[in-house]
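Single-letter residue listing:
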Amino acid sequence: MSKKLPARSSDHILLEKLWSEPVERYTLPNGLTVLLKRDTSAPVCSVQVWVKTGSIHEGGDLGAGLSHYLEHMLFKGTERRAGREISATVQAHGGYINAYTTFDRTVYYIDLPAEHAAVAIDLLADAILRSTLPAEEVIKEKEVILREIDMCLDDPDQRLGQALFETAFRTHPYRQPIIGHRDIFAATTRENLVAYYQARYVPNNLVLVVTGDFDPAGTRAAIREHFGKVPRARLAPVLVPEETGQLARRDQHLYEDVQVSRAGLGWQIPGLTHPDAPALDMLAMVLGHGDSSILWQAIREKSRLVHNIDAMAWSPGTSGLFYISYLADPDKRVAAEHAILRELARVADKGVSARALAKGVRQAVTSEVNMRKTMSGQASRLGAGEVVVGDVNYNRTYFQRLFALTPAILRRVMQTYLVPQHLTVVSSNPASSADPVTQAASQGGASLDFKEIRLPNGARLLLQPNHQLPNLHLRLAFSGGPMVEPANRRGLTTLMSTLLAKDTARRSAEEVARAIEEVGGSFSDFSGNNSFGLAAEVLPGDADLALELIADAVLRPSFKSARLEIERESSLAALKESLDDVVTVGRKKLREKFFGAHPFAIESGGDEAGLTSISVADLRAQHRSLMVAGNAVFAVAGDFDAKKLVVQLKTFLAKLPKGTAPKPKAALQIAAGDFSEQQPRQQAIVFQAFRGPGLLAADYEVSEVADELFSGMSSHLFERVREEKSLAYFVRSGRIVGLETGMFYFFAGTSPQRYEEVIAELNLEVTRVQQGGVTAEELKRCQTRLKAGKRMSMQTNSSRAMQAGLNAIYGLPVNDWRTYDARIDRVTLADIQAFAGKYFQLAQRVQLVVKP
């Protein structure tokens, strides 16, 4: 009998199978690099263009944010197309278009149904190589980006990140913000933009990646036609200075208008191609990745000094940072820093266990698998290998080094890089916590259908085998949320869900976290307005463990008082943290005004009064009430042995207590009016809210189309408010949905001087729709986009299990996706007009302006 392979060997074999999937790489005569990877598991594709230029390549314009500016401008018009035509064409073909800018690259991508791959290739080639950068659009977009810069300045996490980079790096361009400094960006001219575009956006500086179920011959032909005709150009090298060695600790501490302290410790490390990079990644995994990690257990669980803590190794290019971040109460921030440094010294002296290292390696293997769930993820993996590392097959080398790691190597790497003289410490703290001196200074062929099995006790089991990828997702869902909570215990369901995933009668929270993290899996809770539950995702061989953890959480939760206090504190800290984001503050206030006494007035996470009042007895009572057989739906999707697993699942579900799903009711009485809220921010946020249909309403699909109508870059509202008038950085609609009722709202971020103009534009848009002003072209775009979005949302096992499980909980068809397209196509222009007339009534409107 052959012996079972060790975990690392079997994982390596698993990865080799994935790496052996063919990738075609070739170069056009003009220097453009092409990567093609065909995957027929889903009828979609991702087309991405990676431009080898980012904020560190801006030369004499360093700090101006030219790379990011260009990213915004390339969809504003070409030699062949008007600006709006680009996004409209993408959406007309059911696609999604976007872009992002980093320090060393700018990436443009379109995800869409595979039969339209040539359309995406044509559009991206046109935008990237033939943009005209219209003068009037350059002016308009500058205003939009200035609003975006203001948003960054309002975001304490962004401010802390900038403080870290400008402190840790003294000579490297990483110290400059990708978006640019506001004053330097404001002075940028169209001539600066055009010169940068002509110098860097040339074929021999591009990598084109196509993944998915595309036609190979047709795709190659389209690439030749649209990219191949542009000639190679001169490409001067950009000097990127290396960072000078750090000789002593550096600090930067901010005291500002925030509620809690955010802090970070960073050390300079070498880049991704350095032989020590895999060891540094593993060190980050062992120290701060997951609830069983060393720092989480020592600093959060035992010392109770932080609410959250994690670690990461950021290593692009030739240099990077090893970074430990944490969230703490202001009076514990310094103590937490000292405790972290003591724990690091202990680990550097004693080393890490082989078990902890094996857990980190398994997590890396799982991550490598998970990157391949979607076509977009696969394309991103290939693009990063080619552009960032310079070798599309670098993953093999990386994992060879990874599998060769030992605890001794991790200890050596820790003693080499995480040393006091290379440390940078940054923090963001409430202004009140500063001392006076500081204050003054400062899937192939698999069916998408789920098979439903109803058990005698009322529990339901949903199964969807899919052997395309070695991945398995299990999701147990229950009906619940604010509607079934006492008015003075808001957040009870969410807090209960959190504790379910922690301590049980058989394992402590640390043991639960260690068990799942050692196999590279995930185990988490979820909760929302209408449901809650548990989810686990693992490699196929770990199905037994995943089910065991879920079963223990449901059947044998411990609800320890000490754990309740830890998670209560964390939840309260999260509430405080959310108050630092002006949009979140506004949305909370809007809910309060709109819903009034209805349970949806407070988010599912609860409020301070409710969370503070919750006791262990409350948790146990909620558990007894909701976690019963008639309220349970267990959805399983992925690579599993049905004969074996179904027996185990049925055995577990049969043990659930008898009971039925709750059927709560709550009347919604809207107190309409216009309100304002003052916040010390640089931008203003406008909200307008109306009654909306619930999930079970006959016109729910109309609300989906309406939401799409008012959102997206090609929407009439976006074109008018942002593109034509440059009034706002973002403007769109949103929904808060219950089973019987909901809220449909508009929101926009603008300047304090122009919010009244935004309100006027929102009113005009509502009137336009009520008067039948929506065109057939707009409706078609929305329908195409929604249908394509549904198709793309079903790429992963986790997403499919979630959709099927929630459908069952809400009383909708489990395989609702089958009729989705037809239901969306049945929505007419008359339906849209009637919807606006029925719901968008001034007498039922709640308007809120959040402003300085």
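Here we summarise the structure given alongside this text. (Residues numbered from 1 in each chain as written. Predicted model: local features only at pLDDT ≥ 70, side-chain atom pairs only at ≥ 80, totals over all residues. Heavy atoms only, no water.)

1. Observations regarding the pattern of salt bridges
Note the following rule: Any carboxyl oxygen of Asp or Glu that lies within 4 Å of a side-chain nitrogen of Lys or Arg is treated as forming a salt bridge with it. Numbering goes from the N terminus for both helices and strands, where a helix is a DSSP run of H or I of at least four residues and a strand is a run of E of at least two. Categorising residues by exposure relies on relative accessible area from a 1.4 Å probe, with only protein chains included: less than 20% of the type maximum marks a residue as buried, more than 50% marks it as exposed, and the intermediate range marks it as partly exposed.
Summed over all chains, the structure comprises 69 salt bridges. With a closest N to O distance of 2.8 Å, Lys 37 and Glu 21 form a salt bridge. You can see Lys 37 sitting in strand S2 (residues 33-38) and its partner Glu 21 sitting in the loop between helix H1 (7-19) and strand S1 (24-27), a full 16 residues away along the chain. With relative accessibility at 4%, the residue Lys 37 sits in the buried group. Since its relative accessible area comes to 31%, Glu 21 is described here as partly exposed. With a shortest N-O distance of 3.0 Å, Glu 24 and Arg 220 are connected by a salt bridge. A residue pair is termed long-range when its members are at least 10 positions apart, and Glu 24 in strand S1 and Arg 220 in helix H9 (residues 216-226) qualify at 196 residues. A residue is classified by how much of its surface remains accessible, and Arg 220, at 27% relative accessible area, is partly exposed.

2. Looking at the pairing of strand S19 (residues 684-693)
Threshold: Strand pairing is defined by DSSP finding a minimum of two bridges between the two strands.
With nine of ten residues buried, S19 is to be regarded as a mostly interior element. Bridging between S19 and strand S21 (residues 741-750) involves ten bridges; their strand directions are antiparallel. When the sheet's bridge partners are listed, Phe 690 is paired in S21 with Phe 744. Of the strand pairs in this sheet, S19 and strand S22 (residues 846-851) are connected by five bridges, and their pairing is antiparallel. Note on S22: the bridge partner recorded for Ile 685 is Val 850.

3. Quick notes on the sheet that holds strand S3 (residues 44-51)
What counts, and what does not: Here the axes come from fitting lines to C-alpha atoms, over the contacting stretch only for helices, and the angles between their N-to-C directions go from 0 to 180 degrees. When checking whether two residues touch, look at their non-hydrogen atoms; a contact exists if any pair is within 4.5 Å.
In space, the six strands of this open sheet follow the order S1-S2-S6-S3-S5-S4, with mixed pairing throughout. A single partner strand is all that each edge strand has here, and the edge strands are S1 and strand S4 (96-101). Recorded for the sheet is a direction-independent mean angle of 15 degrees between the axes of neighbouring strands. Sheet analysis places S4 next to strand S5 (residues 106-113), joined by six bridges and oriented antiparallel. Within S5, the position partnered with Thr 101 by the bridge is Thr 106. Sitting on the sheet, H9 is in contact with S1, S2 and strand S6 (206-212), with an inclination near 160 degrees to S2. On the sheet, helix H14 (residues 375-389) packs against S1, S2, S3, S5 and S6 and is oriented at approximately 25 degrees with respect to S3.

4. Points about the sheet that holds strand S14 (residues 472-479)
Whether parallel or antiparallel, the strands of a sheet pair through hydrogen bonds between backbone atoms. With respect to topology, six strands assemble into an open sheet ordered S12-S13-S17-S14-S16-S15, the strand pairing being mixed. Among the strands making up the open sheet, the edge pair consists of strand S12 (451-454) and strand S15 (522-527). Geometrically, the sheet is characterised by an average inter-axis angle of 15 degrees between neighbouring strands, direction not taken into account. Each of S14, S15, strand S16 (531-538) and strand S17 (632-638) touches helix H20 (residues 543-555); the most contacted strand, S16, lies at about 155 degrees to it.

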